[in-house]
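Inside the fold
Here are the chains, one letter per residue:
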Amino acid sequence: MKSHLIFIGAPGSGKGTQASKLVADKGFKHISTGDLLRAEIAKKSALGIEVKQVMDEGKLVSDDLVIRLLQANIDLNASQYIFDGYPRNLAQAQTLDKEVLKGYPATSVYFEINTTKLVERLTNRRTCKDCGAIYNLISKNPKVIGTCDQCGGTNLVQRADDHEDVIKNRLKVFQETIDPVLKYYQDLGRLMKINAEQAPDEIFKMISSKL
Ligand SMILES: [Zn+2]
């Protein structure tokens, strides 16, 4: 039986890039709970209507709802999945095992990256104000500096949540909640650590070799 993957990594650790490559080259299906929530609402299913109600009231979608959403939308026999951005804490990791994976093999892939590197990566991120395309002053400049490749716009800006103090705080909170999750998978022998400071192609080779 092939193993499903659970991607864990701080914002900016590059896990999104790897997920896209695994979907394109290896036929994985990418599971983002945010996307699932939006799709379910659009379907206007009973579950979608329930989700919409909660969100319209400005409340957080409960773990129970997310689990039901996963149960309704995935077939662990038919496809190989990448869970991205979920679980976010220990309780969710345990519930995912108990209510969704139910013994199906699933390896957690942790994109490990030095905080200083990550802060550097994120503070150099620029977003096109017109179309949302993302660039990086160090690793991914547009072809013409200051001009968006996609739409030709010239408003490449730093988002408010990409400022250094905001990023540092976000990373601290992330690390504190994710450490118990890593320990949980480690103790079960299901943790694969990836050095996320390497080039994307190197990381992809490494993950692929262990599939
Ligand atoms: Zn643009």
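1. Description of the overall build of the chain
- A count of helical and extended segments in the chain gives eight helices and eight strands.
- Radius of gyration (C-alpha) of the chain: 18 Å, near the 17 Å computed for a compact globule of 211 residues.
- Viewed in the frame of its principal axes, the chain has a C-alpha envelope of about 50 × 40 × 35 Å.
- Residues counted as buried form 40% of the 211 residues belonging to the chain.
- When contacts within the chain are restricted to residue pairs at least 6 apart in sequence, long-range pairs at least 24 apart make up 68% of them.
- For the chain, the accessible area works out to roughly 11700 Å², and carbon and sulfur atoms hold 51% of it.

2. Overview of the environment of alanine 196
- Checked against the element boundaries, alanine 196 lands in the loop between strand 8 (191–195) and helix 8 (200–209).
- Contacts of alanine 196, omitting those with residues within four sequence positions, involve Ser13, Phe111, Glu112, Ile113, Arg121 and Ile203.

3. Some words on helix 3 (residues 46–56)
- Buried residues of helix 3: Leu47, Gly48, Val51 and Val54, and no others. Viewed along the axis of helix 3, the buried residues span an arc of 125°, placing them on a single side of the element. With respect to the buried face of helix 3, the exposed residues turned more than 90 degrees away are Ala46 and Asp56.
- Here the buried face of helix 3 lies against helix 2 (33–43) and helix 4 (63–73).
- After helix 3 finishes, the residue glycine 58 shows a positive phi value of roughly 75°.

What counts as what
Residues numbered from 1 in each chain as written. Predicted model: local features only at pLDDT ≥ 70, side-chain atom pairs only at ≥ 80, totals over all residues. Heavy atoms only, no water. Helix = DSSP H or I, 4+ residues; strand = E, 2+ residues; numbered from the N terminus. Rg over C-alpha atoms; globule rule 2.2 N^0.38 Å. Buried < 20%, exposed > 50% of the residue type's maximum accessible area, 1.4 Å probe, protein only. Contact = heavy atoms within 4.5 Å. Areas by Shrake-Rupley, 256 points an atom, 1.4 Å probe, with all protein chains shown as cover. Arc of directions from axis to C-beta.

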